[in-house]
Amino acid sequence: MIFQLRLPFYPLPITQVSKQFKEIFINKFNHTLSGILLSAGIITVKYPVIEVNLLHPSVLESAMPLAAGALIGSVFPDIDIRIPGLEHRTITHWPVIYGTGLVLSYFAGYLWLFFFCIGCLVHVLLDSLSLMGVPLLNPFGKRRGFKLMVVGGYAEALCSVIILIGIFCVWVEAHNNNIWRLIYD
Ligand SMILES: [Zn+2]
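Residues numbered from 1 in each chain as written. Predicted model: local features only at pLDDT ≥ 70, side-chain atom pairs only at ≥ 80, totals over all residues.

## Quick look at the overall build of the protein
Okay, so step 1: Within the protein, the regular secondary structure consists of five helices and two strands.
Okay, so step 2: From first element to last, N terminus to C terminus, the protein shows the α and β order α-α-α-α-β-β-α.
Okay, so step 3: Relative to its 185 residues, the protein shows a buried fraction of 27%.
Okay, so step 4: By sequence separation, contacts in the protein at least 24 residues apart represent 64% of the contacts at least 6 residues apart. (Helix = DSSP H or I, 4+ residues; strand = E, 2+ residues; numbered from the N terminus. Buried ≥ 20, exposed ≤ 12 C-beta atoms within 10 Å, placed from the backbone. Contact = placed C-beta atoms within 7 Å.)

In structure tokens:
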């Protein structure tokens, strides 16, 4: 039985409200987590000490723009929700754009843009696991996906857990490097 409760004077049925809530918060949660994982990974690889001063000029100059690019990229494609007249999961979820951007920015030497494109591609990959899918050949054409996750479902929660484990592994890796340095420095 589908639970349909209509609040007085409220235009949307409550199931639709909760669907929107899940779409906005739970879906975004995984994208944000993946962005944190990417950016933490970048900082860890560049500066393998967890107690590194993130505001140190050299960190700000080299690792932070890349990490920020990845973090912003991981949530960027959903900007289409805020653009009037643009359908959700069309041009901003087209992997071809980010794939091209990835190659061009690499050869042009814009590494922050390179990692921005990686963030966007991870976003599109996560969205491709859902029922709705993402456009593949034509940005406004048929969407394709692996149909593994329903927004707000168990598979998506499992995905959150997997990404969180990834973040934990990055933290452990950074911490181990730190301990290693303490012993041998
Ligand atoms: Zn999206």
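## Some thoughts on the nonpolar core
Okay, so step 1: By size, the foremost hydrophobic cluster in this structure holds 26 residues, and its most contacted members are I42, A67, A70, F115 and I118.
Okay, so step 2: Going through the elements one at a time, α1 (14-46), α2 (57-75), α4 (111-128) and α5 (154-184) are the ones with two or more residues in this core.
Okay, so step 3: Among the elements that make up this core, the one with the highest residue count is α4 (nine residues).
Okay, so step 4: Not counting residues within four places of it along the chain, the set of residues in contact with F115 comprises I42, L66, G69, A70 and G73. (Core = buried A, V, L, I, M, F, W, Y, C linked by C-beta atoms within 7 Å.)

## Points about helix α3 (residues 95-108)
Okay, so step 1: End to end, α3 covers 20 Å across 14 residues, agreeing with the expected 20 Å (1.5 Å per residue, within 8%).
Okay, so step 2: Within the span of α3, buried status applies to P95, Y98 and S105. Angular distribution of buried residues about the axis of α3 spans 100°; they occupy a single face of the element. Opposite its buried face, α3 presents the exposed residues T100, V103, F107 and A108, each directed more than 90 degrees away. (Expected span 1.5 Å × (residues − 1). Arc of directions from axis to C-beta.)

## Comments concerning the environment of L136
Okay, so step 1: Within the secondary structure layout, L136 lies in the loop between β1 (134-135) and β2 (143-144).
Okay, so step 2: L136 sits in the partly exposed class, given 17 other C-beta atoms within 10 Å.
Okay, so step 3: Expressed as a C-alpha distance, the spacing of L136 and W94, which sit 42 residues apart in the sequence, is 6.3 Å.

## With respect to unusual backbone geometry
Okay, so step 1: In this structure, R89 is a non-glycine residue whose phi angle is positive, near 60°.
Okay, so step 2: Of note, K147 is a non-glycine position whose phi angle comes to about 50°, a positive value.
Okay, so step 3: Inspection of the secondary structure puts K147 in the loop between β2 and α5.
Okay, so step 4: Take K147: there are 13 C-beta atoms within 10 Å of it, and that puts it in the partly exposed class.

## Section: the packing of α3 against α4
The description of two helices packed together rests on the angle between their axes and the distance between the axes.
Okay, so step 1: Axis separation between α3 and α4 bottoms out at 8 Å; the angle between their running directions is 160°. It follows that α3 is roughly antiparallel to α4 by the angle criterion. The two elements α3 and α4 meet at a crossing, and its hand is left-handed. Here P95, Y98, G101, L102, S105 and Y106 of α3 come into contact with α4, specifically with L113, F114, C117, I118, C120, L121 and V124.
Okay, so step 2: Across the contact of α3 with α4, the residue classes tally to eleven nonpolar, two polar and no charged. (Axes fitted to C-alpha atoms, helices over the stretch in contact; angles between N-to-C directions. Parallel < 35°, antiparallel > 145°, perpendicular 65-115°, else oblique. Left-handed = near helix turned anticlockwise from the far one by under 90°. Nonpolar A, V, L, I, M, F, W, Y, C, P; charged D, E, K, R; others polar.)

## Thoughts on α4
Okay, so step 1: Helix length check: α4, at 18 residues, gives a terminal C-alpha distance of 25 Å against a target of 26 Å (1.5 Å per residue), a fit within 8%.
Okay, so step 2: Across the 18 residues that make up α4, a large majority, 13, are buried.

## Observations concerning the environment of K142
Okay, so step 1: Considering the arrangement of structural elements, one finds K142 in the loop between β1 and β2.
Okay, so step 2: Sequence separation between K142 and T90 is 52 residues; the distance between their C-alpha atoms is 9.4 Å.

## Some details on the environment of M64
Okay, so step 1: Take M64: it is sitting in helix α2.
Okay, so step 2: For the pair formed by M64 and W112, sequence separation is 48 residues and the distance between their alpha carbons is 8.9 Å.

Any functional reading would require information that these geometric values do not contain.
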